[in-house]
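# Structure at a glance
Now for the letters of each chain:
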Amino acid sequence: MSARSTHSCTARAHSNIALIKYWGKRDDRLKLPAVGSISMTLDALYTDTRVSFFPGAEHDSVDIGGRKVDPAPFTAFLDRVRARAGIDYRARVESWNNFPTGAGLASSASGFAALALAASRAAGLEANPRALSILARQGSGSAARSIFGGLVEMHRGTRDDGQDAFAEPIANSADWPLEVIVAITERAPKTVNSSVGMSGLAERSDYYDAWVLHAEDDLAAMREAIGGRDFEALGALAEMSCLKLHGLMLSTRPGLLYWNPATVAAMQAVRALRSEGVPVYFTIDAGPQVKAICEPEHAATVEQALAAVPGVLDTRRSALGPAAYVLD
Ligand code: DP6
């Protein structure tokens, strides 16, 4: 990273959903993942974040969606940027999501990716995408993937300093124009966030070793499905990784159950569509929302079917989104 002189920057980063899931850390402080992951960046869901460094200000301040939040977790993140840039200015951070925050729509992924880019630029750092991915990861593991567009792979890495734990793009929307229909079944923030849910997992779940042991095979199979543009293989692997993750969550002490009745109904609706010949598969993160993955020609049918599921409050349709970028 080299120094440039600006004090303010607004950046946009898109949310992502994992097809092969990340869950569990090999290092909590640096947020080093215990397993690699593969995700899709979503065009329709994004965070805009403005960071302004103020010489003379005493504290960082952070607003999300116009409401003040505790700046402590963000101060730790901004300290990394300040240390690299050699500045000591406090920051004003303003962030807006165009979707519900903290409800299983990956707001921490788009949020920390946008913050990494905006803060780096505002601090005068010319960060390359890999350095930004490493930085974003230290805010939230899944944020490392939202630096990139399209289909993205996050490397687990083996180094203690985390310099090999970053994401890389593997295909873009022109290569393979996939779509996702998000079925929103709850707008309130979830009660157990991902970091808390996955902390100390090795001691809290008897399934953890099996989860880590088979992760590389799942990643290899997904890489092959993407390389061969094999939609059925991609979808089946994504659904399997989702159900395996939720099995792991259920097995955790205390058990984590992120679904509500509408979540299950939407999963069943996806499988019913499939039995009628519509190629569509679901995935679900640490929340109650269901994301149905399909190719563009089936997206309208899938959206209509999910919108009709009792308990589905809203649907959002998304193509693959771009990499994080600067807005001003
Ligand atoms: C279920 O990235 O939110 O969405 O690294 O602790 O911030 P932290 O967790 P986070 O976890 C995401 C978990 C997941 C699966 C995934 O996105 O791969």
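Above: the structure in question.
Here's what I pulled together on the structure shown here. Owing to the predicted nature of the structure, the values given are computational and were not obtained by experimental measurement.

### Things to note about empty space enclosed by the protein
- Applying the stated criterion to the full structure yields 3 cavities of 30 Å³ or more.
- Looking at the largest cavity, its volume works out to about 50 Å³.
- Taken together, Ile20, Lys21, Gly36, Trp211, Ala215, Asp218 and Ser241 make up the full set of residues lining the largest cavity.
- Considering each element in turn, the lining of the largest cavity owes the most residues, 3 residues, to helix 6 (residues 208–227).
- By residue class, the composition of the lining of the largest cavity is 3 nonpolar, 2 polar and 2 charged.

### Thoughts on the sheet that holds strand 14 (residues 290–294)
- With respect to topology, 4 strands assemble into an open sheet ordered 13-14-12-15, the strand pairing being antiparallel. Looking at the sheet topology across the chains shown, the edges are occupied by strand 13 (280–283) and strand 15 (314–319). Across the sheet, the axes of successive neighbouring strands diverge by a mean angle of 25°, strand direction being ignored.
- Pairing geometry for strand 12 (residues 179–184) and strand 14, over 5 bridges, is antiparallel. The partner of Ala183 across the bridge, within strand 14, is Val290.

### A word on the nonpolar core
- One finds Val51, Phe53, Leu78, Val93 and Leu115 to be the most contacted residues of the largest nonpolar core, which totals 38 residues.
- For this core, the element with the most residues is helix 2 (residues 107–122), which contributes 9 residues.
- Beyond its immediate chain neighbours, meaning those up to four positions away, Leu115 contacts Thr49, Val51, Phe74, Phe77, Leu78, Val93 and Ser120.
- Residues Val180, Leu237, Tyr281 and Leu320 belong to the second largest nonpolar core, which totals 26 residues.

### Details of the pairing of strand 8 (residues 90–97)
- Judged by how many residues are buried, strand 8 sits mostly within the fold: 6 of 8 residues are covered.
- Judged from the 8 bridges that link them, strand 5 (residues 37–54) and strand 8 form a sheet pairing that is antiparallel. Bridging across to strand 8, Phe54 finds its partner in Arg90.
- Relative to strand 8, strand 6 (residues 61–64) is paired through 4 bridges, and the arrangement is parallel. Looking at the pairing, Ile64 lines up with Ser95 of strand 8.

### A closer look at unusual backbone geometry
- Note that the residue after Arg253, namely Pro254, is joined by a cis bond; omega there is -5°.
- At Lys31, a position not held by glycine, the phi torsion is positive, near 55°.
- Among the secondary structure elements, Lys31 is positioned in the loop between strand 3 (25–27) and strand 4 (32–33).
- Phi is positive for Arg229, which is not a glycine, with a value near 50°.
- Inspection of the secondary structure assignment puts Arg229 in the loop between helix 6 and helix 7 (231–250).

### Section: the environment of Ile20
- Looking at the element boundaries, Ile20 is found in strand 2 (residues 8–20).
- Residue Ile20 is classed as buried on the basis of its relative accessible area of 3%.
- Taking the C-alpha atoms as reference points, Ile20 and Ser39, 19 residues apart in sequence, are found 6.8 Å from one another.

### Comments concerning the site of the ligand
- Contacts to the ligand come from 17 residues, most closely from Tyr22, Lys25, Gly141, Ser142 and Ser195.
- Note that an oxygen atom of the ligand is positioned 2.6 Å from one of the side-chain N or O atoms of Tyr22.
- Ser108 is positioned such that a nitrogen or oxygen atom in its side chain is 3.3 Å from an oxygen atom of the ligand.
- When the ligand is considered free in solution it has 460 Å² of accessible area, and contact with the protein chains removes 94% of it.
- Looking at the shell around the ligand residue by residue, the classes come out as 6 nonpolar, 6 polar and 5 charged.

### Some remarks on the packing of helix 6 against helix 7
- Between helix 6 and helix 7, the shortest axis-to-axis distance is 10 Å and the interhelical angle comes to 165°. Here helix 6 is positioned roughly antiparallel relative to helix 7, judged by the angle of their axes. Seen from above, helix 6 lies across helix 7 with left-handed handedness. In contact with Tyr208, Trp211, His214, Asp218, Ala221, Met222, Ala225 and Ile226 of helix 6, helix 7 contributes Ala233, Leu234, Leu237, Ala238, Met240, Ser241, Lys244, Leu245 and Leu248.
- Split into classes, the residues belonging to the contact of helix 6 with helix 7 amount to 13 nonpolar, 2 polar and 2 charged.

### What about the packing of aromatic side chains?
- One pass over the full model with this rule turns up 3 aromatic pairs.
- Ring plane angle 55° and centroid distance 5.3 Å describe the contact between Phe77 and Phe112, whose orientation is recorded as tilted. Here Phe77 is found in helix 1 (residues 72–85), whereas its partner Phe112 is found in helix 2, with 35 residues between them in sequence. A single burial state applies to Phe77 and to Phe112, both of which are buried.
- Joined through ring pairs, the aromatic side chains of Phe74, Phe77 and Phe112 make up one cluster.
- Of note, Arg12 hangs over the ring of Tyr46, and the distance from its end group to the ring centre comes to 3.9 Å.

Conventions used here
- Residues numbered from 1 in each chain as written.
- Predicted model: local features only at pLDDT ≥ 70, side-chain atom pairs only at ≥ 80, totals over all residues.
- Heavy atoms only, no water.
- 1 Å grid on protein atoms, 1.4 Å probe; cavity = no way out; pocket = protein on both sides within 12 Å on 5 of 7 lines; lining within 4 Å.
- Points joined across faces, edges and corners; volume = space filled by probe spheres on them.
- Helix = DSSP H or I, 4+ residues; strand = E, 2+ residues; numbered from the N terminus.
- Nonpolar A, V, L, I, M, F, W, Y, C, P; charged D, E, K, R; others polar.
- Pairing = 2+ DSSP bridges.
- Axes fitted to C-alpha atoms, helices over the stretch in contact; angles between N-to-C directions.
- Core = buried A, V, L, I, M, F, W, Y, C linked by side-chain atoms within 4.5 Å.
- Buried < 20%, exposed > 50% of the residue type's maximum accessible area, 1.4 Å probe, protein only.
- Contact = heavy atoms within 4.5 Å.
- Near = heavy atom within 4 Å.
- Polar contact = N/O pair within 3.5 Å; in protein donor to acceptor, adjacent residues only side chain to side chain.
- Areas by Shrake-Rupley, 256 points an atom, 1.4 Å probe, with all protein chains shown as cover.
- Parallel < 35°, antiparallel > 145°, perpendicular 65-115°, else oblique.
- Left-handed = near helix turned anticlockwise from the far one by under 90°.
- Phe/Tyr/Trp six-rings, centres within 6.5 Å; stacked < 30°, edge-to-face > 60°.
- Lys NZ or Arg CZ within 6 Å of the ring centre and 35° of its normal.

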